[in-house]
Amino acid sequence: MFFFKDLSLSAASAGFVAVLVGVTSSIVIVFQAAQAFGADHAAITSWVWALGVGCGLCTALPSLVLRKPVMVAWSTPGAAMLAVAGSGFSMGEAVGAFMLCAALVLLFGVTGWFARIMDRIPLALAAGLLAGVLTRFGLQAFTAAQTAWPLVLLMLLTYLAGRRWFARYAVPVTLGVAVAYAWASGRMAPAPLPLAFAQPVWIAPQWSLAAAISLALPLFVVTMASQNLPGVAAIRAAGYAMPVSRLVSLTGLGTLALAPFGGYSLSLSAITAAICMGREAHEDPDKRYTAAVVCGALYVLLGLFAGVATGLIAAFPPELVAAIAGLALLGTIGSALVVALREESHREAALITFLVTLSGVTLAGIGSAFWGVVAGALARRA
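- For the protein, the name recorded in an unreviewed UniProt entry is Inner membrane protein YdcO, with Paracidovorax wautersii as its organism.

Structure, rendered in structure tokens:
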């Protein structure tokens, strides 16, 4: 099969790092969002099952078909919004809101409205947006040294040595060395793992105007502005031509199908996409889809064995996760900044986009990715 012929150790490692970063950076927020609607342990496990299976299938299958790295993740800003706004709503009302949000995403995908909006954003601004989103993770790689400087220093030295002598395998070797050090130094915290399949729990949707206004519409805006917008920016910055409208429609369909089980919002990814679309995944851009397929397969396993997978991932020290994410994204951050600042006519607008996005400012419940594009567009027209 062509997939196994194209697969490499660096691609498989990139897929693993993408899942590691994606899950560890947001799984707690997903738990909090579920608990805001009164979810018990079974319901929370169902949420992880739905999100894992949904992200995995929507990542792996189109990547195999297109032979391009399609990356889908759950909406972390959406989960944060739900954790705050969910109090007072039942699980059934939440499911109804998730389905309404999915229908809106599907509408914007099928009609091509979202793609037309993205076509009006210059590449320099899109690159500045992507750089702003990713630079926060790059900074975290080094701020992690405040609490675990031996581990972070060892990872940095290993990565630099790897970039010089075995560039394609710098990230997987760095990850392996970090895990070995964390294990030997007692920083790994493995817990008893329940070896059983996760059981999905069906929740019948309930429709209410209050949930539509307070949950569905904010979730839709946050998902499109804070996830899909930088997700498309990541695709274009990496040089891939993909059917954006179809991919956005796919995330809407996936959410619609999995919402009754806790799949609150699937969307295009930016952070993990950058890991699987960069040179660290594979020197050949035509073979980087294998990293996305590995990522998707691991997400499916995460969903099927939700209890086991979350326990394994929780064993990694947070400093290790922050450092490996930042190091894996260095190349993409540099490339995005080059594209953003290359043309003098767009340089100031792109820089404003980068800085506003990097600031992390949230206004009216909408994250900095959206406001970065708005500020950059205003600067470009000034």
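### Describing the overall build of the protein
Point 1. Counting secondary structure elements, the protein contains 19 helices and two strands.
Point 2. Its C-alpha atoms give the protein a radius of gyration of 20 Å, within 12% of the compact-globule value 21 Å for 382 residues.
Point 3. If one aligns the C-alpha atoms of the protein with their principal axes, the spans along those axes are about 60 × 60 × 45 Å.
Point 4. Of all 382 residues assigned to the protein, the portion counted as buried reaches 55%.
Point 5. Carbon and sulfur atoms make up 68% of the accessible area of the protein, which totals about 15,800 Å².
Point 6. Each charge sign in the protein was given a centre, from 19 positive and 12 negative side chains, and these centres are 6 Å apart.

### A word on the side chain of Thr 174
Point 1. Inspection of the secondary structure puts Thr 174 in helix 10 (residues 170-184).
Point 2. Aside from chain neighbours lying at most four places away, what touches Thr 174 is Met 155, Thr 158, Tyr 159, Ile 324 and Leu 327.

### As for a nonpolar patch on the surface
Point 1. The grouping of Leu 9, Trp 165, Phe 166, Tyr 169 and Val 173 at the surface amounts to a nonpolar patch, some 510 Å² of accessible area in total.
Point 2. Its location among the elements puts Tyr 169 in the loop between helix 9 (145-165) and helix 10.

### Considerations on the side chain of Thr 290
Point 1. With respect to the secondary-structure elements, Thr 290 resides in helix 14 (residues 289-304).
Point 2. From its side chain, Thr 290 meets the backbone oxygen of Lys 287 in a polar contact 2.7 Å long.
Point 3. In this structure, Thr 290 is in contact with Phe 3, Asp 6, Leu 7 and Ala 11, ignoring residues within four places of it in sequence.

### Observations regarding helix 18 (residues 344-359)
Point 1. Taking 1.5 Å per residue, 16 residues should reach 22 Å; helix 18 reaches 23 Å between its end C-alpha atoms and fits that length.
Point 2. Inspection of helix 18 places His 346, Ala 349, Ala 350, Thr 353, Phe 354 and Thr 357 among the buried residues, and these make up the whole buried set.
Point 3. On its buried side, helix 18 packs onto helix 8 (123-143), helix 17 (330-342) and helix 19 (368-381).
Point 4. Once helix 18 ends, the next one or two residues include Gly 360, with phi positive near 75°.

### So, the packing of aromatic side chains
Point 1. A complete count under the given rule lists 12 aromatic pairs for this structure.
Point 2. Ring plane angle 70° and centroid distance 5.6 Å describe the contact between Trp 49 and Phe 261, whose orientation is recorded as edge-to-face. Within this pair, whereas Trp 49 is found in helix 4 (residues 41-66), its partner Phe 261 is found in the loop between helix 12 (244-258) and strand 2 (266-268), the two being separated by 212 residues in sequence.
Point 3. Residue classification places Trp 49 among the buried residues on the basis of a relative accessible area of 15%.
Point 4. Members of the aromatic cluster, connected to one another through ring pairs, are Phe 37, Trp 47, Phe 98 and Tyr 264.

### Quick notes on the pattern of salt bridges
Point 1. Scanning the model with the defined rule gives one salt bridge in all.
Point 2. Taking the shortest distance from any N to any O, the salt bridge between Arg 279 and Glu 283 comes out at 2.9 Å.
Point 3. For Arg 279, a relative accessible area of 52% translates into the label exposed.

### Observations concerning the nonpolar core
As a rule of thumb, nonpolar side chains are buried together in soluble globular proteins.
Point 1. With 115 residues, the main nonpolar core has Phe 37, Trp 47, Trp 74, Leu 82, Phe 98 and Tyr 264 as its most contacted residues.
Point 2. Here this core takes 11 residues from helix 11 (residues 209-237), the largest share from any one element.
Point 3. In terms of nonpolar packing, the next biggest core, distinct from the first, is built from five residues, Ala 124, Ala 127, Ala 340 and Ala 350 among them.

### Section: the packing of helix 8 against helix 18
Helix packing geometry: the angle between the two helix axes and the distance between the axes.
Point 1. Packing of helix 8 against helix 18 leaves a shortest axis separation of 7 Å and a crossing angle of 35°. Read as a crossing pair, helix 8 and helix 18 show a hand that is right-handed. Residues Ala 124, Leu 125, Gly 128, Leu 129, Ala 131, Gly 132, Val 133, Thr 135, Arg 136 and Leu 139 of helix 8 lie in contact with helix 18, whose contacting residues are His 346, Ala 349, Ala 350, Thr 353, Phe 354, Thr 357 and Leu 358.
Point 2. For the contact of helix 8 with helix 18, the residue count by class is 10 nonpolar, six polar and one charged.

Scoring rules and cut-offs
- The residue numbers shown here count from 1 along each chain, following its written sequence.
- Only residues with pLDDT of 70 or above have their local features reported here, since the model is predicted, and side-chain atom pairs are shown and tallied only from 80 upward, although totals for entire chains, interfaces and linings are computed over all residues.
- Excluded from the side-chain calculation are hydrogens and water; included are all heavy atoms of the structure.
- Only DSSP runs of H or I with at least four residues qualify as helices, and only runs of E with at least two residues qualify as strands; both kinds are numbered from the N terminus onward.
- Each radius of gyration is computed over the set of C-alpha atoms, and the globule rule expresses the reference value as 2.2 Å times the number of residues to the power 0.38.
- Burial status follows relative accessibility: with a 1.4 Å probe on protein chains alone, a residue under 20% of its type maximum counts as buried, one over 50% as exposed, and anything between as partly exposed.
- Computed with a 1.4 Å probe, the accessible areas rest on the Shrake-Rupley method; for each residue, only the protein chains presented here act as cover.
- Charge assignment in this entry is limited to Lys and Arg as positive and Asp and Glu as negative, and neither His nor the chain termini are counted.
- Charged groups are reduced to one reference atom each: NZ for lysine, CZ for arginine, CG for aspartic acid, CD for glutamic acid.
- Residue contacts are counted whenever heavy atoms from the two residues lie within 4.5 Å of one another.
- Exposure above 30% relative accessible area and the lack of any salt bridge qualify a residue for a patch; like charges then connect within 9 Å, and the nonpolar side chains Val, Leu, Ile, Met, Phe, Trp and Tyr within 5 Å.
- Every case where a carboxyl oxygen of Asp or Glu lies within 4 Å of a side-chain nitrogen of Lys or Arg is listed as a salt bridge.
- Throughout this description, a polar contact denotes any pair of N or O atoms lying within 3.5 Å of each other; where both atoms belong to protein, one of them has to be capable of donating a hydrogen while the other can accept it, and for residues adjacent in sequence the pair is counted only when both atoms sit in side chains.
- In this analysis, the expected span of each helix is defined as 1.5 Å times one less than the number of residues it contains.
- Classification of ring pairs uses Phe, Tyr and Trp, with its six-membered ring standing for Trp, and accepts pairs whose centres are within 6.5 Å; under 30 degrees between planes counts as stacked, over 60 as edge-to-face, and the remaining range as tilted.
- Here, the term nonpolar core denotes a set of buried Ala, Val, Leu, Ile, Met, Phe, Trp, Tyr and Cys residues that are joined through side-chain atoms within 4.5 Å.
- Orientation is described by axes fitted as lines to C-alpha atoms, over the contacting stretch for helices, and by angles from 0 to 180 degrees between their N-to-C directions.
- Should the near helix be turned anticlockwise from the far one by less than a right angle, the crossing is termed left-handed; should it be turned clockwise, right-handed.
- Polarity classes work like this: nonpolar for Ala, Val, Leu, Ile, Met, Phe, Trp, Tyr, Cys and Pro, charged for Asp, Glu, Lys and Arg, and polar for all others, with Gly in that last group.

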